[in-house]
Amino acid sequence: MSVLVFAETSEGKFKKSAFEVTSYGKKVAEQLGTNVVVLAINSSDPTLLYTYGAEKVLNVLNDSLKTFNVKIFANIIKQAAEKENSQVVILDSASNSLYLGPNVAVNLNAGYVTNVVALPSSTSPLTVKRKTFSNKAFNNTILNTDIKVISLAKNSYGLIENEVSGSIEEFSPSLVESNLTSERIEQTTGKVTIADADIVVSGGRGLKGPENWGMIEELAEILGAASACSKPVSDLGWRPHSEHVGQTGKPVASNLYIAIGISGAIQHLAGVNSSKVKVVINTDPEAPFFKAADYGIVGDAFEVVPKLIEKLKEFKANNA
Amino acid sequence: MKILVCISHVPDTTSKINFTENDSKFDSNGVQFVINPYDEFALTRAMWFKEKQGATVTVVNVGNVSTEPTLRKALAIGADNAIRVNTEATDGLAVAKELAEVVKNGGYNLVLAGKESIDYNGGMVPGMLAALLDFSFVNACIGLEIDGDKATISREIDGGKEILTSNLPLIIAGQKGLVEEKDLRIPNMRGIMMARKKPLSIVEPVNNSPATSIASFEKQAAKSACKLVDNVDELISLLHNEAKVI
Ligand SMILES: Cc1cc2nc3c(=O)[nH]c(=O)nc-3n(C[C@H](O)[C@H](O)[C@H](O)COP(=O)(O)OP(=O)(O)OC[C@H]3O[C@@H](n4cnc5c(N)ncnc54)[C@H](O)[C@@H]3O)c2cc1C
């Protein structure tokens, strides 16, 4: 018996969420009285996982796996789960892992829950708390199958250090055929993505037009943050769709979310309220975002944001 | 091309979410139901294939009789016919197994769905359906072109996009970008009239035992009041010393 964790890599490097799922998997294994095994594909340094409790790491080294393929990767996870006799398989919520989850579950004949935010509240039957109704509520879901697949919501458990002296095993699974071919990847270079960001700076219709996004990007850069926007801003073509956050856009679960000129419509809040700390800057004290935020400034973005940029530069210089 | 569009029947995005029966059930009292917003992108793309490439479009929902107005709305938007699998949708795997039967029986070679439903947010049915049928699958799909038997698909990835190709059969889970927001359709009077006469067939479920079940619901805990600050110095100090996020 074991708990299997899939630790996602990007160009050989672990995503931050890989450490979070390892931390979580270690604890779930303890609850179940078993061991955690972490599967990595083409990791350049699998020993990094020891810090988060990985007792055993299966590292697959294979150049043909440098390109992601859902069917092939899911089948590798299945082979690892079978080899390790895993009862629970844990994935993160990065885009590739969410793509893999359903396939892994079907091939292991497993119940599958996504958006999980906490350790199991019971191990028999295995019961987990998850976000539902677009972050407006939670539910406690029971997994009735022998094997269970869990996707942990981003930034819901955290990175928990738990140094162990682990071991690495090279794992050479067989590769299945796939009809799906990756032709190319178009990366928006050099920018922090909303999925990976600890801080997200977001602008709404209150910013009046695309020409005013310079200060949003500057603020984001100082904070090492990703930039985002409300739905109408992307519908109007002021910003790309990839920046649209909310119930029908990207979910945000950052440590800090700064909303500038955003009213705080229910659909917007649904997508961003998993962020730990929310700041609103808005001229209208009645804007609904003030009810959802932790800190707020009632004021004109065109005055407040330039000041904030200036003061943050000083702050960063003093705290470097 | 025979297209199947999966339609989830979900509470309108403005709905207040409440629970009944000791927090064990969603309270649908006073809630308005709509086509799942992600599925609207899929349906709109299907209409494009119907009009430009002569595809036939069937819409399907796994649910009880209360979901029929949502299927009629999809017919009013232009789908040719509808299927309702007559069972409560409780678990992603169980729903995917019902849909797999529909796909096999109908011989569809393109299945378009939304990337998740905005009620339970499982995000798993399309991928499970593809795995059950061994069809190619693309999640978070933001572009789809079909030329004969060959599909070119764009997928959103963290920080960019990936372009993929596959032969049909294919299943995609769509989102904004698959079509533009402004191209989404609202049913017109003629569409609504025609929809009444279009076939909506009811098929009985294969009924498999659910892999998961919901024990209880909880609402978000009430949040403490927002601290209003007068100037940016104070904000920076609070974010640094109190919230410890910068
Ligand atoms: C089915 C459906 C799904 C939706 N999904 C989403 C979603 O995923 N994400 C999303 O964001 N929305 C979504 N919406 C739209 C949502 O209802 C709102 O319309 C939208 O969030 C409003 O965007 P906004 O706050 O930028 O604009 P507005 O509501 O126009 O707000 C602009 C705000 O800026 C403030 N302001 C104006 N000038 C200034 C200034 N100089 N300085 C500071 N503040 C200023 C105003 O006081 C106002 O509060 C959805 C709607 C529907 C129907």
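Interfaces are often sized by the accessible area lost when the parts come together. Residues and elements named next belong to chain A. Assigned domains of chain A: these are domain 1 (2-170) and domain 2 (199-319). The distance between the C-alpha centroids of domain 1 and domain 2 comes to 32 Å. Listed as interface residues are 6 residues of domain 1 and, on the opposing side, 10 residues of domain 2. For the pair domain 1 and domain 2, the summed buried surface comes to about 700 Å²; carbon and sulfur atoms form 32% of the total. When residues of domain 1 are sorted by the area they lose upon contact with domain 2, Asn 135, Lys 136 and Asn 155 head the list and together hold 61% of the total. On the surface where domain 1 and domain 2 come into contact, there are 0 salt bridges. Summed over the shared surface of domain 1 and domain 2, the number is 7 residue pairs in polar contact (both at pLDDT 80 or more). Grouping the constituent residues of the side of domain 1 that touches domain 2 by class yields no nonpolar, 3 polar and 3 charged.

On to the interface of chain B and chain A. Tallying the contact residues gives 76 residues for chain B and 83 residues for chain A. Of the roughly 6700 Å² buried where chain B meets chain A, counting both sides, 57% is carbon and sulfur surface. Looking at the side of chain B facing chain A, the largest losses of area belong to Asp158(B), Lys176(B) and Gln220(B), adding up to 10% of the total buried there. Here chain B and chain A share 8 salt bridges between them.

On to the sheet that holds strand β8 (residues 110-114) of chain B. In any sheet, the strands associate via hydrogen bonds between backbone groups, in a parallel or an antiparallel arrangement. Read across the sheet, 10 strands follow the order β13(A)-β11(B)-β10(B)-β9(B)-β12(B)-β8(B)-β1(B)-β6(B)-β7(B)-β13(B) without closing on themselves; strand pairing throughout is mixed. Each edge of the sheet is formed by a strand with only one pairing partner; in this case those strands are β13 (181-187) of chain A together with β13 (200-203) of chain B. Put simply, the sheet's adjacent strands are angled 30° from each other on average, direction ignored. Across the sheet, helix α3 (residues 95-107) of chain A lies against β9 (136-147) and β10 (150-157) of chain B, angled at about 125° from β10(B), the strand it touches most. Along the sheet, helix α3 (residues 92-106) of chain B makes contact with β1 (2-6), β6 (56-62), β7 (81-85) and β8 of chain B, crossing β6(B) at roughly 150°.

Residues and elements named next belong to chain A. Checked against the element boundaries, Ser 2 lands in strand β1 (residues 2-7). A polar side-chain atom of Ser 2 sits 3.0 Å from a polar atom in the side chain of Ser 86. Setting aside residues no more than four positions away along its own chain, Ser 2 makes contact with Thr 34, Asn 35, Val 37, Glu 84, Asn 85, Ser 86, Gln 87 and Val 88.

A few words on the packing of helix α2 (residues 68-77) of chain B against helix α5 (residues 189-197) of chain B. Residues and elements named next belong to chain B. Where α2 meets α5, the axes come as close as 7 Å, and the angle between the chain directions of the two elements is 120°. Between α2 and α5, the interaxial angle falls into the category oblique. As α2 runs across α5, the sense of the crossing is right-handed. Counted together, Arg 72, Leu 75 and Ala 76 of α2 and Gly 191, Ile 192, Ala 195 and Arg 196 of α5 form the full contact between these two elements. When grouped by side-chain class, the residues that make up the contact of α2 with α5 number 4 nonpolar, 1 polar and 2 charged.

To continue, consider the nonpolar core. In a soluble, globular protein the nonpolar side chains are often hidden away together inside. Judged by nonpolar contacts, the single largest core of 93 residues is most densely connected at Leu39(A), Val5(B), Val59(B) and Leu144(B). Considering each element in turn, this core owes the most residues, 8 residues, to helix α2 (residues 70-83) of chain A. Discounting chain neighbours no more than four positions away, the residues touching Leu144(B) are Arg45(B), Phe49(B), Leu110(B), Leu112(B), Ala151(B), Thr152(B), Ile153(B), Leu170(B), Ile172(B) and Leu178(B). Among the nonpolar cores identified, the runner-up in size contains 37 residues, and Leu207(A), Leu219(A), Val233(A) and Leu308(A) belong to it.

Scoring rules and cut-offs
Residues numbered from 1 in each chain as written. Chains lettered and ligands numbered in written order. Predicted model: local features only at pLDDT ≥ 70, side-chain atom pairs only at ≥ 80, totals over all residues. Heavy atoms only, no water. Domains from an automatic or database assignment. Contact = heavy atoms within 4.5 Å. Buried area = accessible area lost by both parts, 1.4 Å probe. Salt bridge = Lys/Arg side-chain N within 4 Å of Asp/Glu carboxyl O. Polar contact = N/O pair within 3.5 Å; in protein donor to acceptor, adjacent residues only side chain to side chain. Nonpolar A, V, L, I, M, F, W, Y, C, P; charged D, E, K, R; others polar. Pairing = 2+ DSSP bridges. Helix = DSSP H or I, 4+ residues; strand = E, 2+ residues; numbered from the N terminus. Axes fitted to C-alpha atoms, helices over the stretch in contact; angles between N-to-C directions. Parallel < 35°, antiparallel > 145°, perpendicular 65-115°, else oblique. Left-handed = near helix turned anticlockwise from the far one by under 90°. Core = buried A, V, L, I, M, F, W, Y, C linked by side-chain atoms within 4.5 Å. Buried < 20%, exposed > 50% of the residue type's maximum accessible area, 1.4 Å probe, protein only.

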